[in-house]
Amino acid sequence: MSEIPAKATESEDPSDGARAESAGAAGGSAQVPSADALWQSSPPGSIYDYIKVASFSIGPDGLVDQWSLRAEQLFGIPAGRALGMDPIEAFVDPDLRERGQRKMAEILDGREWTGVVPFRTPDPDGGRGTDGLAEVYVMPTRTEDGQKAAVCIVVDVRVLRSIETDLAASQAIFGQSPFGFLLIDTDLRVRRANQRFASIFGGTPDDHRGKGVHDYLPRAEADRVSATLRRVLETGDSITDMHVTGFVPGSDERRHWSINLYRVHSGSGRPIGVAWLGTDITARRAAAREAAAARRNLALLNEAGARIGNSLDLETTARELLDVVVPGFCDLATVDLYQGLLVGDETPPGLPDGSAELRRVAFASAVSDAPFASAVSDAPFAGTGQPVKVGAVHHYPFNSPCADALRTARPRLVPPEEGGLVQSTLAVPMVAHDTVVGLAQFSRAKGSEPFGDRDRDLAVELAARAAVCIDNARLYRREHERALILQRSLLPPGDPVAAGLDIACRYLPGNASTGRPSEVGGDWFDVIELPGHRTALVVGDVMGRGLRAAVAMGELRTAVRTLAQLDLEPAEVLSQLDEIARGLGTPGGIQQATRAARRPREADLSEVYLATCVYAVYDSVTRRCTFANAGHLPPVLVEPGEPALMLDVPPGLPLGVGGEPFEEVEVELPEGALLALYTDGLVESRDHPLDEGLQAFVGALTDPASPLEDVCDDVLNTLDTHHGEDDIALLMARVQGLPAESVGDWTLPREPRSVGRAREYARGQLLSWDLEPLVDTTELLVSELVTNALRYGEGEIRLRLLLDRTLVCEVWDSGLVQPRRRRARDTDEGGRGLQLVGLLSAAWGSRRTHRGKTVWFELPLPDGENTVADPAEALLSLF
């Protein structure tokens, strides 16, 4: 039996009673409670509501002869079963029963004992029962006939430890809370306050005991809070985020608090008060007022964003600005633009002193009083001299506030004229890309609130937005033709040709059918031949329009072709393109862009270029196509005899976003299948949502067996391709896999004899293809590549010959080291193998595979134009 060090005492001493009597006499002088108070029942909420205390008695025979109701609750055994039980046999583990019997003999011999005892309640079904831990206090007693017995007081130790932990946690939370914490009793008096509350209202936490809410809040507010506290006490409903207003000692500033109230109960469930948790929200309320004003300004900015810049006409854009600000922001407004900007001058508009000629292009007024009623276009502005009509060319005097605003590119407050209708005028330069393009004046009539700092900032933002739209319209006229010429020059010329594929493509630039001038986009497509009669199909779209989009498209297209020649996997190509796109807007590339991102002041020096792209690699030997997608629309596949479907290619993030890898999907394409890649201009417009356009496109591919050029024309005629809102790129390919008789494939063991076998396999295959003129050259080059694979590679060797428009030879092995061509010295006996391959072949190279590498070379087929190089002359040229 395990226990805390027990205290054993002899209670048989007859002087114990005398000591008790003397103790009572000694305490006689102390104040003794009355009999009624001493024997009254403990009210709910006493300590015994929380601590499980039980008692039972043991007779002279060591068996239970009395069993309390608390014991029934603690041990889960009714009195009918407990009476007559041996407590040692019933509750003590078998391994500890011998010690328990000895201890029971000592207790029945008249010795007190206290200790912690592990016990196990018996299972009525014969199971193991429940383990527990109890602190036991055993007091010897005597029966009526003088026999020795004992009374046992038992406390559940685990419940006691749990209460200790809860008390410690409650004390820590109450004392360390950063919020004001009060415990209010049922009389609505403060029972307890924490240090945070005392630091706000002064004094120590004990100084606030017994106070009510009227001691802290104004009368009306205190009455409202008191009524709420009573309601929480009566109903038990919690109150969340109740706003209370008052003052703190020593300050006249009105403070605001957010109060949370909830009822607190004792262990027996009796309500004992209300917990008060308060947070100072004064600063939050002030911020909310600021936010309301900011929201009003933001709403005006949102309206400006929606209404300004819907046209590429300069004067229309100026009128759109005035439609937004009058009367929501001011009562009168005008816009003046530099004359040189309106006539298309290439030089920067304006002069350094702000006195260049301007043309008034717009005026608006919400004032109906004279002198504006007769001719609003002649509205005089304070400090501007004679009235200026809309359309008139003028300039401001050098010393005027308007000329100063144009000169410094900063807003100026124009003083009002005495006796005039206008009381406040802001002259705001219209700045776009660090260039002043004009001047906007905003005026408020008398009776309106004068312009403040926040109004000044809003006016600058509105003028800047309009200036950017005006400057964009100017730049558009200059850049459109250049961009169109550039884009045309970057697209593939003629009809692309690919091994194992029949290709057809279409490109339609945006046009003027929408009533707006056409604007070139960044759509492109490409067909790239890869080693091993494989083909890369690419369709992409640079987000944005104009010259920059066309230039970015050209850079990305060039990068795609370069990366494709490195024979990278499609996902890796897109990852490299993503890095390149992130560096397009920064002069120093991606590294400079990363450094510039850490300097917010330089963020405006770089531009963000985003693009979508689908990159697919088709192998004509296996007819398998591997796709990778960077935020582009999914490819469409039409199998013979089946309806068209969109391939489930995971759409990664667009190029230029960065941070996420791209996924690949490999699809086997049946013979005669039709694959379509396209840009969003084909399937989306203002009148036709994307989902409808995709369904229409899939439905238009109903006759894939027709000639591919006719299929392209049918698709363009069926869909709404004349909206002119965006460029359209369409790339279609029909699968024509390499026939099995055009492929020779052998596996060679890793042994020297494999070189001779490779030559034999190559000779036999070429003779079967009637390519006898290529036999000697092919044998020589195959011998070199297989020898290199034996010397420097790993694993078994695979030789493959492919016949299409050219002859391709591939040697595969499991080694990862790529061959590197070097120039041998005249005295070197070796090192000329790859040089010989380069001399005799039309092209050669190596690429990584999933299991190693592939070294290949390509030979043109003999005809009237192509002549086969003499191997002997090539060998002699190496020395």
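Residues numbered from 1 in each chain as written. Predicted model: local features only at pLDDT ≥ 70, side-chain atom pairs only at ≥ 80, totals over all residues. Heavy atoms only, no water.

Colleague: Help me get a handle on the overall build of the chain, residues and values and all.
Modeller: For the chain, the helix and strand inventory stands at 23 helices and 31 strands. Residue burial in the chain is summarised as follows: out of 879 residues, 44% are buried. In the chain, once contacts between residues fewer than 6 apart in sequence are set aside, the share between residues at least 24 apart is 62%. Total accessible area on the chain is roughly 44700 Å²; 51% of this is exposed by carbon and sulfur atoms. (Helix = DSSP H or I, 4+ residues; strand = E, 2+ residues; numbered from the N terminus. Buried < 20%, exposed > 50% of the residue type's maximum accessible area, 1.4 Å probe, protein only. Contact = heavy atoms within 4.5 Å. Areas by Shrake-Rupley, 256 points an atom, 1.4 Å probe, with all protein chains shown as cover.)

Colleague: Can you tell me about the confidence of the model for the chain, naming the residues and giving the values?
Modeller: Of all residues in the chain, 80% attain a pLDDT of 70 or more, and the chain-wide mean is 80. A low-confidence stretch, residues 512–517 (pLDDT under 50), is modelled with 12 contacts involving residues beyond four sequence positions or located in other chains. (pLDDT = per-residue confidence, 0-100.)

Colleague: I'd love a proper account of the pattern of salt bridges, names of residues and values included.
Modeller: If you walk through the whole model with that rule in mind, you get 35 salt bridges. Linking Arg-102 and Glu-98 is a salt bridge whose minimum nitrogen-to-oxygen distance equals 3.6 Å. Here Arg-102 and its partner Glu-98 are both found in helix α6 (residues 97–108), 4 residues apart, which amounts to about one turn of the helix. Of the charged contacts, one joins Asp-804 and Arg-805 as a salt bridge, the two residues approaching to 4.0 Å between their closest N and O atoms. Judged by relative accessible area, Asp-804 falls into the partly exposed class, the value being 26%. (Salt bridge = Lys/Arg side-chain N within 4 Å of Asp/Glu carboxyl O.)

Colleague: Outline unusual backbone geometry, listing residues and values.
Modeller: Of the consecutive residues Val-326 and Pro-327, the connecting peptide bond is found in the cis state with omega at 5 degrees. Along the chain, Pro-327 turns up in the loop between α11 (314–325) and β11 (332–338). Phi is positive for His-433, which is not a glycine, with a value near 55 degrees. Here His-433 lies in the loop between β15 (422–432) and β16 (435–445). Given a relative accessible area of 51%, His-433 falls into the exposed group. Notably, Asp-567 is not glycine yet its phi reads approximately 60 degrees, a positive angle.

Colleague: Tell me about the sheet that holds β16, and name the residues and values.
Modeller: Taken in spatial order, the 6 strands line up as β13-β12-β11-β16-β15-β14 in an open sheet, and their pairing is antiparallel. At either margin of the open sheet sits one strand with a lone partner, and together these are β13 (393–394) and β14 (412–414). Sheet analysis places β11 next to β16, joined by 6 bridges and oriented antiparallel. Its bridge partner lying in β16, Thr-334 is registered against Gln-441. (Pairing = 2+ DSSP bridges.)

Colleague: Any chance you could break down the environment of Val-755 for me, citing the residues and the numbers?
Modeller: For Val-755, the location among the structural elements is in helix α20 (residues 753–768). Each C-alpha atom of the pair Val-755 and Ala-789 lies 9.8 Å from the other, and the pair is 34 residues apart in sequence. With near-sequence residues (within four places) excluded, Val-755 lies in contact with Ser-783, Val-786, Thr-787 and Leu-790.

Colleague: Go over the packing of helix α10 (residues 282–307) against α11, please, and point to the residues and values.
Modeller: Relative orientation of the contacting elements α10 and α11 amounts to 150 degrees, with a least axis distance of 10 Å. Considering the angle they form, α10 stands roughly antiparallel to α11. The handedness of the crossing between α10 and α11 is right-handed. Between α10, through Leu-300, Glu-303, Ala-304 and Arg-307, and α11, the contact on the second element is made entirely by Glu-320, Asp-323 and Val-324. By residue class, the composition of the contact of α10 with α11 is 3 nonpolar, no polar and 4 charged. (Axes fitted to C-alpha atoms, helices over the stretch in contact; angles between N-to-C directions. Parallel < 35°, antiparallel > 145°, perpendicular 65-115°, else oblique. Left-handed = near helix turned anticlockwise from the far one by under 90°. Nonpolar A, V, L, I, M, F, W, Y, C, P; charged D, E, K, R; others polar.)

Colleague: Would you mind going over the sheet that holds strand β2 (residues 64–67) in detail, with residue names and values included?
Modeller: Overall, antiparallel pairing links the 5 strands, which are arranged β2-β1-β5-β4-β3 in an open sheet. Two strands lie at the open edges of the sheet, namely β2 and β3 (113–121), each paired on one side alone. Taken over all neighbouring pairs, the strand axes of this sheet differ in orientation by 30 degrees on average, direction set aside. Bridge count between strand β4 (residues 130–142) and strand β5 (residues 148–156): 9 bridges; the pairing is antiparallel. Considered in β5, the bridge of Val-138 is made with Cys-152. Against the sheet, α6 makes contact with β1 (53–58), β3, β4 and β5, and its axis sits at roughly 120 degrees relative to β5, the strand it touches most.

Colleague: Kindly report on the environment of Ser-365, identifying the contributing residues and their values.
Modeller: Tracing the sequence through the fold places Ser-365 in strand β12 (residues 358–365). A C-alpha to C-alpha distance of 5.8 Å links Ser-365 and Asp-331, two positions 34 residues apart in sequence. Of note is the side chain of Ser-365, whose polar atom sits 3.1 Å from the backbone nitrogen of Val-367. (Polar contact = N/O pair within 3.5 Å; in protein donor to acceptor, adjacent residues only side chain to side chain.)

Colleague: Help me get a handle on the packing of aromatic side chains, residues and values and all.
Modeller: Aromatic ring pairs are defined here through the distance separating the ring centres and the angle between the ring planes. Applying the stated criterion to the full structure yields 11 aromatic pairs. Ring geometry for Phe-56 versus Trp-67: centroids 5.4 Å apart, planes at 35 degrees, classification tilted. With Phe-56 in strand β1 and Trp-67 in strand β2, the pair connects residues that are 11 residues apart, well separated along the chain. Here Phe-329 and Phe-442 contribute two aromatic rings whose centre-to-centre distance is 5.8 Å and whose plane-to-plane angle is 85 degrees, an arrangement assigned as edge-to-face. Residue Phe-329 is found in the loop between α11 and β11, and its partner Phe-442 is found in strand β16; the two are separated by 113 residues along the sequence. Each of the two residues, Phe-329 as well as Phe-442, counts as buried. An aromatic cluster is defined as three or more aromatic residues linked by ring pairs; in this entry it consists of Phe-197, Phe-201, Tyr-216 and Trp-257. Sitting over the face of the ring of Phe-398, Arg-407 holds its NZ or CZ atom 4.3 Å from the ring centroid. (Phe/Tyr/Trp six-rings, centres within 6.5 Å; stacked < 30°, edge-to-face > 60°. Lys NZ or Arg CZ within 6 Å of the ring centre and 35° of its normal.)

Colleague: Lay out the nonpolar core with the relevant residues and their values.
Modeller: Residues Leu-321, Val-325, Phe-329, Val-335, Met-430 and Phe-442 are the most contacted members of the largest nonpolar core, which totals 50 residues. Among the elements that take part in this core, helix α14 (residues 453–490) stands out by supplying 9 residues, more than any other. In contact with Phe-329, not counting residues within four places along its chain, are Leu-300, Phe-442, Arg-444, Phe-451, Asp-455, Leu-458 and Ala-459. (Core = buried A, V, L, I, M, F, W, Y, C linked by side-chain atoms within 4.5 Å.)

Colleague: An account of the pairing of strand β6 (residues 180–184) is needed here, citing residue identities and associated values.
Modeller: Counting buried positions along β6 yields 4 of 5 residues, so the element is predominantly enclosed. Across 5 bridges, β6 lies against strand β10 (residues 271–280) in antiparallel orientation. Counted as the bridge partner of Leu-182 is Trp-276 from β10. Where β6 and strand β7 (residues 190–193) come together, 3 bridges link them in antiparallel fashion. Bridge pairing in β7 places Leu-183 opposite Arg-192.

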